Amino acid sequence: MKRFILCLVAVFLAGNGYAVVVDDFEDGDYSNPEWWVFDKIEPRVVKNEAGDKRRGKYFLEITGDVQGWYSGGMGMYVADKVDCAAAGSMLLDVYGYGKDSGQIKIEIVDDDNFNWECEQDDNYKLVNDDQFVYQFPVNWEGWKTVEIPFSKFKDSNPGIGDDEFNPEKADGSSGGLLQFNIIFIGSKSSGNVRLKIDNIAFE
């Protein structure tokens, strides 16, 4: 069945090009576009009481318990929402509460068997497609725009897929960038994570 790209995301001028915004939470929810949430994090869309215009009316607040460094995460299927053929990086605004805010690991998956799906085994490991990851600490106070060039993402499942990042849609046969997860990790092996996120985009 032929796939069509749905215009469910905003586009704004950023730097020297256009950034495709996946979610800025301005609908006051995280169900449109739909996110999946897993394990111990508690996402909550919060109203912007400070009046920071860049943040708009709402942003996403993340809290969660940490055990063995890990808390949980959330993710989204984006193959039907964005085409990253012209994109070179992922952007997100992150609010930190200092050195113990936590860490963020981003996993991105591309389509290597041209079926627009992320097949997994019983342990949720990909069986056909590449997964690339990038992890960074949130050790600052206040808002910061984090830009992650695709070149900084590292292949986390070598031998699966073609071991090359293919975010573009190849004449409609490939889904390109299929999905991503944002995983929250503690700054210590136990405790909690606490931070905020807004304006998730590809540029």
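The residue count restarts for each chain, going from 1 along the sequence in the order it is written. Per-residue local features are limited, in this predicted model, to residues with pLDDT of at least 70; the limit for side-chain atom pairs, both in listing and counting, is 80 or more; totals at the level of whole chains, interfaces and linings are taken over all residues. Values shown for side chains rest on all heavy atoms present in the structure; no hydrogens or waters enter the calculation.

1. Describing the overall build of the chain
Here is the rule we go by: Only runs of H or I of at least four residues qualify as helices and only runs of E of at least two qualify as strands under DSSP, and these elements are numbered from the N terminus. As a reference, a globule follows 2.2 Å times the number of residues to the power 0.38, and the radius of gyration itself is taken over C-alpha atoms. The classification of residues rests on relative accessible area computed with a 1.4 Å probe and restricted to protein chains. Under 20% of the type maximum is buried, over 50% is exposed, and intermediate values are partly exposed. Contacts are assigned to residue pairs that have any heavy atoms within 4.5 Å of one another. Every accessible area reported is derived by Shrake-Rupley at a probe size of 1.4 Å, with residue values counting cover from the shown protein chains alone.
Assigned secondary structure in the chain consists of 0 helices and 13 strands. N-terminal to C-terminal, the α/β element order of the chain is β-β-β-β-β-β-β-β-β-β-β-β-β. A compact globule built from 203 residues should have a C-alpha radius of gyration of about 17 Å, and the chain, at 17 Å, falls within 12% of that. Its C-alpha atoms put the chain at 45 × 40 × 30 Å along the principal axes. Per-residue burial for the chain yields a buried fraction of 48% across its 203 residues. In the chain, 76% of the contacts between residues at least 6 apart in sequence involve partners at least 24 apart. Per element, the accessible surface of the chain, about 10,400 Å² overall, is 47% carbon and sulfur.

2. Details of the packing of aromatic side chains
Note the following rule: Classification of ring pairs rests on two measures: the distance between centres of Phe, Tyr or Trp rings, Trp counted by its six-membered ring, which must be within 6.5 Å, and the angle between planes, read as stacked under 30 degrees, edge-to-face over 60 and tilted in between.
Under the counting rule described, the total for this entry stands at 12 aromatic pairs. Judged by centre distance (5.5 Å) and plane angle (65°), the ring pair of F132 and F165 falls under edge-to-face. In this pair, F132 sits in strand β9 (residues 131-138) while F165 sits in the loop between β11 (154-155) and β12 (177-185), placing the two residues 33 residues apart along the sequence. According to the relative accessible area criterion, F132 is buried, its value standing at 6%. When the ring of F150 is compared with that of F165, the centres are 4.9 Å apart and the planes differ by 70°; the resulting orientation is edge-to-face. With F150 in the loop between β10 (141-149) and β11 and F165 in the loop between β11 and β12, this residue pair connects regions lying 15 residues apart in the sequence. Members of the aromatic cluster, connected to one another through ring pairs, are F25, W35, F132, Y134, F136, F150, F153, F165, F180 and F202.

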